[in-house]
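Chain residues, written in single-letter form:
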Amino acid sequence: MALIEETEAGEADDRKVGWAERVPVQYWVVIILLLIMPAFASDFTLFQIFGWSFILGMIALSLMFLAGYGGMVSLVQMTIAGLAGYMIAIFGDSAITDISQGWPWYVSIPIALIIAMLFGSLVGWLSVRTEGIYTIMITLAIASAFFYFARQNYVVFNGFSGFNGVLPPMLFGVDWRGSQAFYYLTLFWACLSYLVVLYLSRSPFGLALQGVRDNPRRMAALGFNVNAHRVAAYAFAALIAGIGGILLTWQSAQISPGTAGVGPVIDILIIAVIGGLRHPIGPFIGAFIYVVLKTFSVDFLTALGLGGERFQLLIGISFLVIVFWSPDGILGLWEKWRRSRGKDPLRDAGESKL
Amino acid sequence: MNAPTTVSERLNATGTANALELRGVSKLFGALAALSDINITVRPGERRAVLGSNGAGKTTLFNCITGDFLPTSGSIRFFGEDISEFPAHERIRRGLRRTYQISLLFTGLSVLDNVYLACCGVSRGRFSLIRPRRNDALMASAEDLVRVVHMEDAKDTLVSELSYGQQRQLEIAMALSGAPRFILFDEPAAGLSPTERRELVEILTGLPSHMGFIIIEHDMDVALRVAESVTMMHNGRIFKEGKPAEIEEDPEVQALYLGGGDG
């Protein structure tokens, strides 16, 4: 008995040490840098650059989960985020008191997320029988339908102007829209969703999803209900997108049809592709690049003597350049660089395993 | 209609019914009849070889039985239960298994992960969000299966790095996951070396005696050594049925197989 207990304890210890050691030094640097960021970054950088990057990264992460692991390119993720944002505005507090129910956050947020997941599952259920370009078309159609419906419906969605004054709750006496608090709030949820996706990718559910992507017929021949698995993936992705949507609504304190318009819907796809669909870190890299470009390209263009309104051009060109050099996005470039470094004969032994 | 629903009913059905019963199964691809009016009865535990030239409809037969596609007409009963309309995954969950002629494996995953997925597919852990731990029951059964096909040294190797013969072995390990009651082997010996063939015959003859199977095989040596009955197919029809010795000596079969004919 004692022996077994001892070895078990020893094993647990081993694993703990192993876990800490398995995280390379570069990762620790990034983690610590992110944690102490508020010490030296400006309020604008924290709130507008990083806060927004984390949020868009989460919404793009939900697309990466579906597209990268499940092979389903869904353009509806921004719509799901928008729907979740609308739901906290409708069930929670906003300046539009005629419509908003004013329920407390611990009721309105779960309702918003549940509705987002139900909507995501419904879209999934409609689109899992299609493949490739048809999935893109169906989800794009649903996204545009939602945009026009929200814009024309005044009873529930308050039409063109949507809702303003949608604020996060003053939990623990903290103003969560303060730049530092908001930075940590978004950082927390971004890291959590990133780690959960990373963890799920090696769970039976995640492995099976990748199996469904590579070989649906074989998965059915192993006893998996392929369509049910895909719908479950949509539901999970909708949860991440929904959390991102609520944070996005709090950040701008408003939600309107334009938040989930066709432009933003496509932007999420661009973010995910720029970053890379192979690994859950990709969407966050893509989101950061997108936010930096979108924020500073106006200044950059006016400095060059061009019209500032042409910032979309700069984003488009960057997109083309990245996709041209590496179809796998920034992550693909990174892999290429690592591999070329691995060819060095002096380092050959260790790198060949990659 | 009167398909058994409860576990005990299904077990009772196991005792009395045939493992596999095909009645009047036909499959049309447009105007082409890949299968016409196939009637096959296989007892529980029976080992049957299906022979026939290319295009005889052997793999189509397998695809109809596992539900990869539905037959145009006819009924399929599996241990007494009518599975004609069931989707593939429901048939697999009832204990039917198959291997594929062209390996359909997950090349980006390791050997063990492939088998582990197969074990998940027929268990309640399909949707599990928890990563497998070292003492995970499914992982343990996956490791057992890897041992059954003598691949324990290659269990962490990516499938894309396996030799062709090893991929065929892995196919068999995946078909043995869960509690198979009946297995369809689609040309498991194709492309194997003589040594690998001997190992394959050992694995097949070493299967528990209640586990019946149908094997499609061009190599008469393999087919006749592992099977106790033979079905000859030709142009989508059943041409001959009998014991291996009878089939081997049948002049018509010899004319078809050895005389060259239309191959």
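The structure presented is a predicted model; accordingly, all values stated were derived computationally and were not measured.

S.K.: Looking at this structure, I do not really get the overall build of chain B. What am I missing?
M.R.: Each helix and strand counted, chain B has ten helices and ten strands in total. Counting only C-alpha atoms, chain B reaches 55 × 50 × 35 Å along its principal axes. Counting over 263 residues, chain B shows a buried share of 52%. Of the contacts made within chain B by residues no fewer than 6 positions apart, 67% connect residues no fewer than 24 positions apart. Carbon together with sulfur atoms contributes 52% to the accessible area of chain B, which is approximately 11700 Å² in total. Each charge class in chain B can be summarised by its mean position, and for the 28 positive and 34 negative side chains these summaries are 6 Å apart.

S.K.: I keep staring at the nonpolar core and nothing clicks. Help me out?
M.R.: A general trend in soluble globular proteins is that nonpolar side chains are found buried together. Of all hydrophobic cores here, the largest spans 89 residues; its most connected members are A:Phe65, A:Tyr86 and A:Trp250. Discounting chain neighbours no more than four positions away, the residues touching A:Phe65 are A:Gly70, A:Val197, A:Phe205, A:Leu209, A:Ala233, A:Phe236 and A:Ala237. B:Ile172, B:Ala173, B:Ala189 and B:Ile215 belong to the second largest nonpolar core, which has 58 residues in total.

S.K.: Sorry if this is basic, but what is going on with the pairing of strand E8 (residues 212-216) of chain B here?
M.R.: A regular strand places its side chains on the two faces of the sheet in alternate fashion. Residue and element names in this part refer to chain B. Most of E8 sits inside the fold, with five of its five residues counted as buried. Strand direction decides the pairing type here: strand E3 (residues 47-52) and E8, joined by four bridges, are parallel. Bridging from a neighbouring strand, Arg-47 pairs with Phe-213 of E8. Here strand E7 (residues 182-186) pairs with E8 via five bridges, running parallel. In the sheet register, Phe-182 faces E8, and the bridge partner there is Gly-212. A crossover connection joins E7 to the parallel E8 through helix H7 (residues 194-205); in handedness this β-α-β unit is right-handed.

S.K.: Even after reading the chapter, I still don't get the sheet that holds strand E1 (residues 20-29) of chain B, so can you show me in this structure?
M.R.: Neighbouring strands of a sheet are bound in pairs by backbone hydrogen bonds; such pairs are parallel or else antiparallel. Residue and element names in this part refer to chain B. Reading across the sheet, the four strands line up as E2-E1-E4-E5 and stay open at both edges, with antiparallel pairing between neighbours. Two strands in the sheet have a free side with no partner beyond their single neighbour: strand E2 (32-42) and strand E5 (81-82). Judged from the seven bridges that link them, E1 and E2 form a sheet pairing that is antiparallel. Of the residues in E2, the one forming a bridge with Lys-27 is Leu-35.

S.K.: Is there a simple way to explain the state of the cysteines in this structure?
M.R.: The term disulfide refers to a covalent linkage connecting the sulfur atoms of a pair of cysteines. Across all of its chains, the model carries zero disulfides over all chains by this definition. In this model B:Cys120 remains outside any disulfide bridge; the closest cysteine sulfur is found in B:Cys119, 7.1 Å from its own.

S.K.: Got a minute to help me understand the pairing of E3(B) in this structure?
M.R.: All names here are of chain B. Judged by how many residues are buried, E3 sits mostly within the fold: six of six residues are covered. Residues Arg-47, Ala-49 and Leu-51 line one face of E3 and the alternating positions Arg-48, Val-50 and Gly-52 line the opposite face, and both faces are buried. Taken together, the five bridges between E3 and strand E9 (residues 229-234) define a ladder with parallel strand orientation. Looking across to E9, one finds that Ala-49 is bridged to Val-230.

S.K.: Got a minute to help me understand the sheet that holds strand E6 (residues 96-98) of chain B in this structure?
M.R.: Residues and elements named next belong to chain B. Spatially, the six strands line up as an open sheet ordered E6-E7-E8-E3-E9-E10, and their pairing is mixed. The sheet is open, and its two borders are formed by E6 and strand E10 (237-242), each paired with just one other strand. Ignoring which end each strand starts from, the neighbouring axes of this sheet average 20° apart.

S.K.: What exactly am I supposed to notice about the interface of chain B and chain A here?
M.R.: Interface extent is often summarised as the accessible area lost during association of the parts. On the side of chain A, 27 residues touch chain B, which itself brings 31 residues to the contact. For the pair chain B and chain A, the summed buried area comes to about 2600 Å², and 60% of that belongs to carbon and sulfur atoms. Considering only the side of chain B, the residues that lose the most area to chain A are B:Phe106, B:Phe127 and B:Arg131, jointly responsible for 24% of the buried surface there. Applying the counting rule to chain B against chain A returns three salt bridges. A salt bridge links B:Glu171 to A:Arg218, with the shortest nitrogen-to-oxygen separation between them at 3.0 Å. For the pair chain B and chain A, the interface holds six residue pairs in polar contact (both at pLDDT 80 or more).

S.K.: What is the right way to look at a negative patch on the surface in this model?
M.R.: Residues and elements named next belong to chain B. There is a patch of like negative charges on the surface, built from Asp-221, Glu-246, Glu-248 and Glu-249. Ranked by residues supplied to the negative patch, first place goes to helix H9 (residues 244-249) with three residues. Tracing the backbone shows Glu-249 in helix H9. What makes Glu-249 exposed here is its relative accessible area of 63%.

S.K.: In this structure, what is going on with the packing of aromatic side chains? I would like to understand it.
M.R.: Centre-to-centre distance and the angle between the planes together describe a pair of aromatic rings. Enumeration according to the criterion identifies 22 aromatic pairs over all chains in this entry. Measuring from ring centre to ring centre gives 6.2 Å for A:Tyr86 and A:Phe146, while their planes differ by 70°; the resulting arrangement is edge-to-face. A residue pair is termed long-range when its members are at least 10 positions apart, and A:Tyr86 in helix H4 (residues 77-91) and A:Phe146 in helix H6 (residues 133-152) qualify at 60 residues. We classify A:Phe146 as buried; its relative accessible area is 9%. Each ring, one from B:Phe29 and one from B:Phe69, has its centre 5.5 Å from the other, and the planes form 85°; the classification is edge-to-face. Residue B:Phe29 is located in strand E1, and its partner B:Phe69 is located in the loop between helix H2 (58-66) and strand E4 (73-78); the two are separated by 40 residues in the primary sequence. Since its relative accessible area comes to 39%, B:Phe29 is described here as partly exposed. Its relative accessible area of 25% is what places B:Phe69 among the partly exposed residues. In this structure an aromatic cluster arises from ring pairing among A:Tyr86, A:Phe119, A:Phe146, A:Phe149, A:Phe157 and A:Phe163. The ring of B:Phe79 is capped by B:Arg181, whose NZ or CZ atom sits 4.2 Å from the centre of that ring.

Conventions used here
Residues numbered from 1 in each chain as written. Chains lettered and ligands numbered in written order. Predicted model: local features only at pLDDT ≥ 70, side-chain atom pairs only at ≥ 80, totals over all residues. Heavy atoms only, no water. Helix = DSSP H or I, 4+ residues; strand = E, 2+ residues; numbered from the N terminus. Buried < 20%, exposed > 50% of the residue type's maximum accessible area, 1.4 Å probe, protein only. Contact = heavy atoms within 4.5 Å. Areas by Shrake-Rupley, 256 points an atom, 1.4 Å probe, with all protein chains shown as cover. Lys, Arg positive; Asp, Glu negative; His and termini not counted. Charge placed at Lys NZ, Arg CZ, Asp CG, Glu CD. Core = buried A, V, L, I, M, F, W, Y, C linked by side-chain atoms within 4.5 Å. Pairing = 2+ DSSP bridges. Right-handed = clockwise from strand over helix to strand, strands pointing away. Disulfide = S-S within 2.5 Å. Axes fitted to C-alpha atoms, helices over the stretch in contact; angles between N-to-C directions. Buried area = accessible area lost by both parts, 1.4 Å probe. Salt bridge = Lys/Arg side-chain N within 4 Å of Asp/Glu carboxyl O. Polar contact = N/O pair within 3.5 Å; in protein donor to acceptor, adjacent residues only side chain to side chain. Patch = residues over 30% accessible without salt bridge, like charges linked within 9 Å, V, L, I, M, F, W, Y side chains within 5 Å. Phe/Tyr/Trp six-rings, centres within 6.5 Å; stacked < 30°, edge-to-face > 60°. Lys NZ or Arg CZ within 6 Å of the ring centre and 35° of its normal.

Without other data, these values stay purely geometric and don't point to any function.
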